[in-house]
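Structural description and commentary
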Amino acid sequence: MGRTVLVTGAARQLSGRFVRQIRRDPAVDLVVGVDTRRPGYPLGDLRFVRADIRQPSIVTVLAEYRVDTVVHLDVQGVAASPGVGRAAVKERNVLGTLQLLGACQKVPGLRRLVVASSTQVYGSGSRDPAVVSEGAPARAQPGGGFAQDVAEIEGYVRGFGRRCPDVAVTVLRFAHLLGPGAESALGAYFRLPVLPTVLGFDPRLQFVHEHDAVEVLAAAVRDPELVGTFNVAGDGVLLLSQAARRLGRPTVPVAGSLTPWLGMLLRAAGVDGISGEQFRALVHGRVVSTARLRAALGGPLEYTTADAFADFAAAHGPGLLAPERVGRALDRMEGALRHG
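In this report, we go over the structure that sits alongside the text. Just so we're clear, the structure is a prediction, and the values are computed from it rather than from any experiment.

Another point: the packing of aromatic side chains. Taken as a whole, this structure holds six aromatic pairs when the rule is applied. By way of ring pairs, the aromatic residues Tyr189, Phe190, Phe207, Phe309 and Phe312 are connected into one cluster. Here arginine 20 stacks its cationic end above the ring of tyrosine 41, 5.7 Å away from the centre of that ring. If you follow arginine 292 out to its NZ or CZ, it ends over the ring of phenylalanine 230, 4.8 Å from the centre.

Pasting the structure below:
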């Protein structure tokens, strides 16, 4: 018999792409999607179950379909629907994962668990290494937020791995997800007509294209050697200033002490894409090593960081300032400065 794969958070955009990818795998007989809301994409032969992973009934779903592989994608940095507060997101992320792991522990046929995490687990500080490897410890962030969620989730996943040594566990720490249709906090930020930045800082950013994210998830399901914790990011780095110029978006520097208030005011006005946590990530930035993933896959991801951003910019730009005009203006300024 072939594999039976259960995907949590099946209504999410990334989950839909992954479901379509994994259904084409000849080794997979059945894909079961679980979410509290019905997916907006065509279900085809996907067996969709409306269920909440925070409820004990998830054990029944795992047992009924004899699931041997669980791909946990119901970990999110932003609310799935408008009006959902931070407390509800944390409950779904942390308590939902804890309940799911408890259910997985009760299923004797489970052989593989894949969990989507984030490079935000490393935090972002002035004393961080220039390039962070998977061996770096998770760091609790001031004020909690998504970074704290994924740190707690990974702690629970490590505990599950110790209790269930027969289950192969893979944790994928994704960099900021970008692409034409990517759902991410940073994607919402880059769609703003004007980009608020933290005065005096130009953070280094890494991105992973949604196509590569799906490919890595599929590899984690089918490759028995892809076990452990892996950073997932495109090669290369972009500075925030470079990203803004390529997107044609003007920037407005804001004093760091004012950023929490600005984030709250924007959200109160119905402007998504920026928050106090988002601003903290835009101070120092974060760059991670992907050496382990390259070794496991036999090479780099298809899209570099610059490629992923270019694909996003093509779908959501140009902004108020044409990148070509910005580039010519900067060239003229550079020439004027060089000649005194």
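Let us keep going from here.
Interaxial distance between helix H3 (residues 86–105) and helix H4 (residues 146–163) falls to 10 Å at its minimum, and their mutual angle equals 5 degrees. On the basis of the axis angle, H3 is roughly parallel to H4. From H3, Arg86, Val89, Lys90, Asn93, Val94, Thr97, Leu98, Leu101, Cys104 and Gln105 reach across to H4, where they touch Phe146, Gln148, Asp149, Glu152, Ile153, Tyr156, Val157, Phe160 and Arg163. A per-class count over the contact of H3 with H4 returns 10 nonpolar, four polar and five charged.

Turning our attention to H4. Helical periodicity: at 3.6 residues per turn, an α-helix aligns residues three or four positions apart in one direction. Its 18 residues give H4 an end-to-end C-alpha distance of 26 Å, which sits within 8% of 26 Å, the value for a rise of 1.5 Å per residue. What H4 keeps buried is the set Phe146, Ala147, Gln148, Asp149, Val150, Ala151, Ile153, Glu154, Val157, Gly159 and Phe160. On the buried face of H4, the contacting elements are H3, strand S5 (112–118), strand S6 (168–174) and helix H9 (276–284).

You can see valine 227 is positioned in the loop between helix H6 (210–222) and strand S11 (228–232). What makes valine 227 partly exposed here is its relative accessible area of 34%. In this structure the C-alpha to C-alpha distance between valine 227 and alanine 296, which are 69 residues apart in sequence, comes to 9.2 Å. Dropping the residues within four chain positions of it, valine 227 is found in contact with Arg112, Ala168, Val169, Thr170 and Arg292.

The next point concerns the pattern of salt bridges. Going through the model one piece at a time under the given rule, you end up with 12 salt bridges. The closest approach of N and O atoms between glutamate 91 and arginine 54, which form a salt bridge, is 3.8 Å. Of this pair, glutamate 91 sits in helix H3 while arginine 54 sits in the loop between strand S3 (47–50) and helix H2 (58–64), placing them 37 residues apart in sequence. Judged by its relative accessible area of 25%, arginine 54 falls in the partly exposed class. A network of salt bridges, in which partner residues are shared, links Asp35, Asp74 and Arg92.

A few words on a nonpolar patch on the surface. Together, Leu95, Leu98 and Tyr156 make up a nonpolar patch on the protein surface, roughly 250 Å² of accessible area in all. Examined against the element boundaries, leucine 98 turns out to sit in helix H3.

You can see aspartate 52 is positioned in the loop between S3 and H2. Residue class for aspartate 52 comes out buried when judged on its relative accessible area of 15%. Within the structure, aspartate 52 has its side chain in polar contact with the side chain of arginine 54 (distance 2.7 Å). With residues near it in sequence (within four places) discarded, aspartate 52 still touches Thr36 and Arg92.

A few words now on the nonpolar core. Nonpolar side chains tend to gather and get buried jointly when the protein is soluble and globular. Membership of the largest hydrophobic core comes to 38 residues, with the highest contact counts inside it found for Val34, Val70 and Phe160. Those elements giving two or more residues to this core turn out to be strand S2 (28–35), H2, H3, S5, H4 and S6. At six residues, the largest contribution of residues to this core is made by H4. Look past the residues within four positions of valine 70 in its chain and what remains in contact with it is Leu6, Leu62, Leu100, Cys104, Leu110, Arg112, Leu113 and Val114. Residues Val7, Ala10, Val28 and Phe230 belong to the second largest nonpolar core, which totals 35 residues.

Inspection of the secondary structure puts alanine 10 in the loop between strand S1 (3–8) and helix H1 (13–22). The exposure class of alanine 10 is buried, given its relative accessible area of 0%. Each C-alpha atom, one on alanine 10 and one on glycine 33, is 5.1 Å from the other, the two residues being 23 residues apart in sequence.

A rise of 1.5 Å per residue sets the reference length of H3, with its 20 residues, at 28 Å; its end C-alpha atoms lie 28 Å apart and thus fit the reference within 8%. Within the span of H3, buried status applies to Val89, Arg92, Asn93, Val94, Gly96, Thr97, Leu100, Leu101, Ala103 and Cys104. Where H3 is buried, its residues meet S1, S2, H2, strand S4 (69–72), S5 and H4.

Scoring rules and cut-offs
Residues numbered from 1 in each chain as written. Predicted model: local features only at pLDDT ≥ 70, side-chain atom pairs only at ≥ 80, totals over all residues. Heavy atoms only, no water. Phe/Tyr/Trp six-rings, centres within 6.5 Å; stacked < 30°, edge-to-face > 60°. Lys NZ or Arg CZ within 6 Å of the ring centre and 35° of its normal. Axes fitted to C-alpha atoms, helices over the stretch in contact; angles between N-to-C directions. Helix = DSSP H or I, 4+ residues; strand = E, 2+ residues; numbered from the N terminus. Parallel < 35°, antiparallel > 145°, perpendicular 65-115°, else oblique. Contact = heavy atoms within 4.5 Å. Nonpolar A, V, L, I, M, F, W, Y, C, P; charged D, E, K, R; others polar. Expected span 1.5 Å × (residues − 1). Buried < 20%, exposed > 50% of the residue type's maximum accessible area, 1.4 Å probe, protein only. Salt bridge = Lys/Arg side-chain N within 4 Å of Asp/Glu carboxyl O. Patch = residues over 30% accessible without salt bridge, like charges linked within 9 Å, V, L, I, M, F, W, Y side chains within 5 Å. Areas by Shrake-Rupley, 256 points an atom, 1.4 Å probe, with all protein chains shown as cover. Polar contact = N/O pair within 3.5 Å; in protein donor to acceptor, adjacent residues only side chain to side chain. Core = buried A, V, L, I, M, F, W, Y, C linked by side-chain atoms within 4.5 Å.

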